[in-house]
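Understanding the architecture of this molecule
Letter by letter, the chains look like this.
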Amino acid sequence: MSIMDVFWEFIYKYHPKIAFYDWLVDSQLIKREDIVNSKVRAMVPKGMIDINCFVFFYEGGTKNVVYLLQDKKAKTNIAIGLLKNDELVNAIKL
């Protein structure tokens, strides 16, 4: 499943009220140890060092950010979650 499919499935299932914003996406390669939230970091397998992090966001209003973590080769989805005003609302291990 593509990152967009995973994102929209997550949004429509868990957060339909924010589905109609004009979402933008950015990505970067990060280190497991650089994940600030300990609950999210715990979802990443211990031996995995580099992670692709896709961040979905929109401009204006409440600061809602959806992140999707994948392995370095972008073949395996690890977790997806919503941060609202920098606080974890929910996260799902994929």
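Residues numbered from 1 in each chain as written. Predicted model: local features only at pLDDT ≥ 70, side-chain atom pairs only at ≥ 80, totals over all residues. Heavy atoms only, no water.

1. Some details on the overall build of the chain
Note the threshold: For helices the rule is a DSSP run of H or I covering at least 4 residues; for strands it is a run of E covering at least 2, with both sets numbered from the N terminus onward. C-alpha atoms define the radius of gyration in this analysis, and the globule rule sets the expected value at 2.2 Å times the number of residues to the power 0.38. Burial classes: relative accessible area under 20% of the type maximum marks a residue as buried, over 50% as exposed, and values in between as partly exposed (1.4 Å probe, protein chains only). Should any heavy atoms of two residues lie within 4.5 Å, those residues are considered in contact. Methods summary: accessible areas were calculated by the Shrake-Rupley approach with a probe of 1.4 Å, and residue burial reflects only the protein chains presented.
In terms of helices and strands, the chain carries two helices and five strands. Start at the N end of the chain and walk to the C end: the helices and strands fall as α-β-α-β-β-β-β. The C-alpha radius of gyration of the chain comes to 13 Å, within 12% of the 12 Å expected for a compact globule of 94 residues. Across its three principal directions, the C-alpha atoms of the chain cover 35 × 25 × 20 Å. Every one of the 94 residues in the chain was classed for burial, and the buried ones make up 39%. Counting contacts in the chain only where the partners sit at least 6 residues apart, residues at least 24 apart contribute 40% of the total. Approximately 6100 Å² of the chain is accessible, and the part contributed by carbon and sulfur atoms is 53%.

2. A short note on the packing of aromatic side chains
Rules: In this analysis, rings of Phe, Tyr and Trp, with Trp reduced to its six-membered ring, are considered paired at centre separations within 6.5 Å, and the interplanar angle assigns stacked below 30 degrees, edge-to-face beyond 60, and tilted for intermediate values.
Per the counting criterion, the structure on display carries seven aromatic pairs. Seen in terms of ring centroids, phenylalanine 7 and phenylalanine 56 are 4.1 Å apart; in terms of plane orientation they differ by 15 degrees. Their pairing is stacked. Of this pair, phenylalanine 7 sits in helix H1 (residues 3-14) while phenylalanine 56 sits in strand E2 (residues 50-57); the two residues are 49 residues apart in sequence, bridging distant segments of the chain. The exposure class assigned to phenylalanine 56 is buried, which follows from its relative accessible area of 1%. Arranged with centres 4.0 Å apart and planes meeting at 5 degrees, the rings of tyrosine 21 and tyrosine 58 form a pair that is stacked. Taken as a pair, tyrosine 21 in the loop between H1 and strand E1 (24-31) and tyrosine 58 in the loop between E2 and strand E3 (64-71) lie far apart in primary sequence, 37 residues in all. Here a set of aromatic residues connected by ring pairs shows up, and it is made of Phe7, Trp8, Tyr12, Tyr21, Trp23, Phe56 and Tyr58.

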